[in-house]
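The chain contents come next:
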Amino acid sequence: MASESKSTEKKERLPFEPRQNKRKTPKIAPSPVPPPLKNRSEETSLKAIPQVVSQRMAKRMAVFCGLPTALGIASFFGFYWIISHDLLEIPSYVAMLVSLSLFGLGFIGLSYGIFSASWDEDRVGDWLGWQEFQANFGRTIAAWRSGKKEVEEK
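Residues numbered from 1 in each chain as written. Predicted model: local features only at pLDDT ≥ 70, side-chain atom pairs only at ≥ 80, totals over all residues. Heavy atoms only, no water.

Trainee: Kindly report on the overall build of the protein chain, identifying the contributing residues and their values.
Mentor: The secondary structure content of the protein chain amounts to five helices and zero strands. Counting all 154 residues of the protein chain, 17% fall into the buried class. Roughly 13400 Å² of accessible area belongs to the protein chain as shown, and the carbon and sulfur atoms make up 65% of that amount. (Helix = DSSP H or I, 4+ residues; strand = E, 2+ residues; numbered from the N terminus. Buried < 20%, exposed > 50% of the residue type's maximum accessible area, 1.4 Å probe, protein only. Areas by Shrake-Rupley, 256 points an atom, 1.4 Å probe, with all protein chains shown as cover.)

The structure is reproduced here in structure tokens:
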């Protein structure tokens, strides 16, 4: 009988296969479930940007980024037309700097479009959004500082 158990053990394994130690993996206790939030609006405010606010941000980004970027593209054609019709003698670095500046302004416009939109669902804000920009940028800096303090405390 002892020879049978050895032969079945050999048949179960492939040649040169190491013997496996059958260790049980410790079960991990499930993490505690956070308590449910009081109302639905509080839950949505913690998970995502409200639809009204995201549409407001998208409109502002389209204006503050789209206009300078469109002008940057149009400047290529404008400089080409001016040079090809011999209206002015413009060095190539001027065309490059103007176009690059307009594209850079469009890049800055993306961030300004987000920060200048009112993050309050009920308040639209003014057309330039300078007051909203100051408030939202201040909130962002305060959140970064508090996050940095939490990391340093750990």
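On we go from here.
Trainee: Could you give an account of the environment of glycine 78, naming the residues involved and the relevant values?
Mentor: Examined against the element boundaries, glycine 78 turns out to sit in helix H3 (residues 51-84). Placed 17 residues apart in sequence, glycine 78 and alanine 95 show a C-alpha to C-alpha distance of 9.3 Å.

Trainee: Report on the packing of H3 against helix H4 (residues 92-115), specifying residues and quantitative values.
Mentor: Close contact between H3 and H4 brings their axes to 7 Å; oriented N to C, the two are set at 175 degrees. On the basis of their axis angle, the class for H3 and H4 is roughly antiparallel. Grouping the amino acids of the contact of H3 with H4 by side-chain chemistry returns 17 nonpolar, seven polar and one charged. (Axes fitted to C-alpha atoms, helices over the stretch in contact; angles between N-to-C directions. Parallel < 35°, antiparallel > 145°, perpendicular 65-115°, else oblique. Nonpolar A, V, L, I, M, F, W, Y, C, P; charged D, E, K, R; others polar.)

Trainee: Before we move on, could you go through a nonpolar patch on the surface and cite the residues and values that matter?
Mentor: A cluster of nonpolar side chains, namely Ile73, Phe76, Phe77 and Phe103, defines an oily patch on the protein surface of about 410 Å² accessible area. If one sorts the elements of the nonpolar patch by residue count, H3 sits on top with three residues. Mapped onto the secondary structure, phenylalanine 77 falls in helix H3. (Patch = residues over 30% accessible without salt bridge, like charges linked within 9 Å, V, L, I, M, F, W, Y side chains within 5 Å. Salt bridge = Lys/Arg side-chain N within 4 Å of Asp/Glu carboxyl O.)

Trainee: Describe in detail the pattern of salt bridges, supporting the description with residues and values.
Mentor: This structure, assessed with the given rule, holds one salt bridge. Between arginine 123 and glutamate 132 there is a salt bridge, and its shortest N-O distance comes to 3.2 Å.

Trainee: Residue-level account of unusual backbone geometry, with values.
Mentor: One non-glycine residue, aspartate 86, lies in positive phi territory at about 55 degrees. With respect to the helices, strands and loops of the structure, aspartate 86 is situated in the loop between H3 and H4.

Trainee: Tell me about the UniProt feature "transmembrane region" (unreviewed entry) in the protein chain, and name the residues and values.
Mentor: The UniProt entry lists residues 61-83 and 95-115 under the feature "transmembrane region" (unreviewed entry), expressed in the numbering used here. Secondary structure over residues 95-115 splits into 100% helix and 0% strand, and the C-alpha atoms at its two ends are 31 Å apart. (UniProt positions renumbered as here; feature names shortened; annotations may be inferred.)

Trainee: Mind laying out the side chain of arginine 56, listing which residues take part and the relevant values?
Mentor: The residue arginine 56 is located in helix H3 in this model. The side chain of arginine 56 sits in the buried core without any salt bridge; aspartate 120 is the nearest counter-charge, 7.0 Å away. Apart from residues lying up to four places away in sequence, arginine 56 is in contact with Ala117, Ser118, Asp120, Glu121, Arg123 and Val124. (Lys, Arg positive; Asp, Glu negative; His and termini not counted. Contact = heavy atoms within 4.5 Å.)

Trainee: Lay out H4 with the relevant residues and their values.
Mentor: Its 24 residues give H4 an end-to-end C-alpha distance of 35 Å, which sits within 8% of 34 Å, the value for a rise of 1.5 Å per residue. Contacts from the buried residues of H4 go to H3 and helix H5 (130-153). (Expected span 1.5 Å × (residues − 1).)

Trainee: Tell me about H5, and name the residues and values.
Mentor: When the terminal C-alpha atoms of H5 are compared, their 35 Å separation across 24 residues agrees well with the 34 Å that a helix rising 1.5 Å per residue should span. Where H5 is concerned, the buried positions are Glu132, Phe133, Asn136 and Thr140. Here the buried face of H5 lies against H4.

Trainee: Can you break down the packing of aromatic side chains residue by residue, with the values?
Mentor: Within a pair of aromatic rings, the relevant descriptors are the distance that separates the centres and the angle that separates the planes. For the structure shown, the criterion picks out eight aromatic pairs. Each ring, one from phenylalanine 64 and one from tyrosine 112, has its centre 4.9 Å from the other, and the planes form 90 degrees; the classification is edge-to-face. In this pair, phenylalanine 64 is assigned in helix H3 and tyrosine 112 in helix H4, connecting sequence segments 48 residues apart. An aromatic cluster of at least three residues, connected via ring pairs, comprises Phe64, Tyr112, Phe115, Trp119, Trp130, Phe133 and Phe137. (Phe/Tyr/Trp six-rings, centres within 6.5 Å; stacked < 30°, edge-to-face > 60°.)

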